[in-house]
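# Descriptive analysis of the structure
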Amino acid sequence: MLKIEDAALPHLAGMLQQSTPLSAIRIMVLGGPNGVGLGLMVDEKTEDDDLITHEKLPFLVDRKLLDYCGTITIS
C-alpha cells in the first residue's frame, strides 16, 4: 500500500515536469553511511514493478519491496 500526504504532492508533481510521458516516480532502496532508507527518482517501468497511480501521479515500486514494506508513506 502507498500513502502520500497532500503536502508532498506539489514536490512530486515537480519531479515529473522534466520527464518523458513514460516516466514515473520510482520508490527504491538507498544505502549510505547512515544506513538504508527509501528514496525517490524519476525512472521508467520494468517487468518487476507495480505501477501505482495517486492523484494522477504515477509511482513505480518493485513488487518485492512493496511486499517487504507493506505500507510505504511519502510525507
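Now for a quick tour of the structure. On a predicted model such as this, the values are computed, not experimentally measured, just so you know.

This part is about the sheet that holds strand S4 (residues 49–54). Strand order in the open sheet made by the 4 strands is S3-S2-S5-S4, with mixed pairing throughout. Strands at the two margins of the open sheet, each flanked by one partner only, are strand S3 (35–44) and S4. Taken over all neighbouring pairs, the strand axes of this sheet differ in orientation by 30° on average, direction set aside. Across 6 bridges, the pairing between S4 and strand S5 (residues 57–62) is antiparallel. By the bridge assignment for S5, Leu 51 is matched with Leu 60. Lying on the sheet, helix H1 (residues 9–16) is in contact with strand S2 (23–32), S3, S4 and S5; it crosses S5 at an angle near 85°.

Bringing the pairing of S2 into the picture now. Across 10 bridges, the pairing between S2 and S3 is antiparallel. Counterpart to Gly 31 in the pairing with S3 is Val 36. The sheet contact formed by S2 and S5 spans 3 bridges and is parallel. Looking across to S5, one finds that Ile 25 is bridged to Phe 59.

Attention now goes to the pattern of salt bridges. All chains considered together, the criterion is met by 3 salt bridges. Residue Asp 43 pairs with Arg 26 through a salt bridge whose shortest N-O separation is 2.6 Å. Taken together, the residues Asp 43 in strand S3 and Arg 26 in strand S2 connect sequence positions 17 residues apart. We classify Asp 43 as partly exposed; its relative accessible area is 27%.

Now for the nonpolar core. Core analysis: the largest hydrophobic core is formed by 15 residues, its most contacted members being Leu 2, Ile 4, Leu 12, Ile 27, Phe 59 and Ile 74. When residues of this core are traced back to their parent elements, those giving at least two are strand S1 (2–4), H1, S2, S5, helix H2 (63–69) and strand S6 (72–74). When neighbours within four sequence positions are excluded, Leu 12 is seen to be in contact with Ile 4, Ile 25, Leu 40, Leu 57, Phe 59 and Ile 74.

Rules of the game
- Residues numbered from 1 in each chain as written.
- Predicted model: local features only at pLDDT ≥ 70, side-chain atom pairs only at ≥ 80, totals over all residues.
- Heavy atoms only, no water.
- Pairing = 2+ DSSP bridges.
- Helix = DSSP H or I, 4+ residues; strand = E, 2+ residues; numbered from the N terminus.
- Axes fitted to C-alpha atoms, helices over the stretch in contact; angles between N-to-C directions.
- Contact = heavy atoms within 4.5 Å.
- Salt bridge = Lys/Arg side-chain N within 4 Å of Asp/Glu carboxyl O.
- Buried < 20%, exposed > 50% of the residue type's maximum accessible area, 1.4 Å probe, protein only.
- Core = buried A, V, L, I, M, F, W, Y, C linked by side-chain atoms within 4.5 Å.

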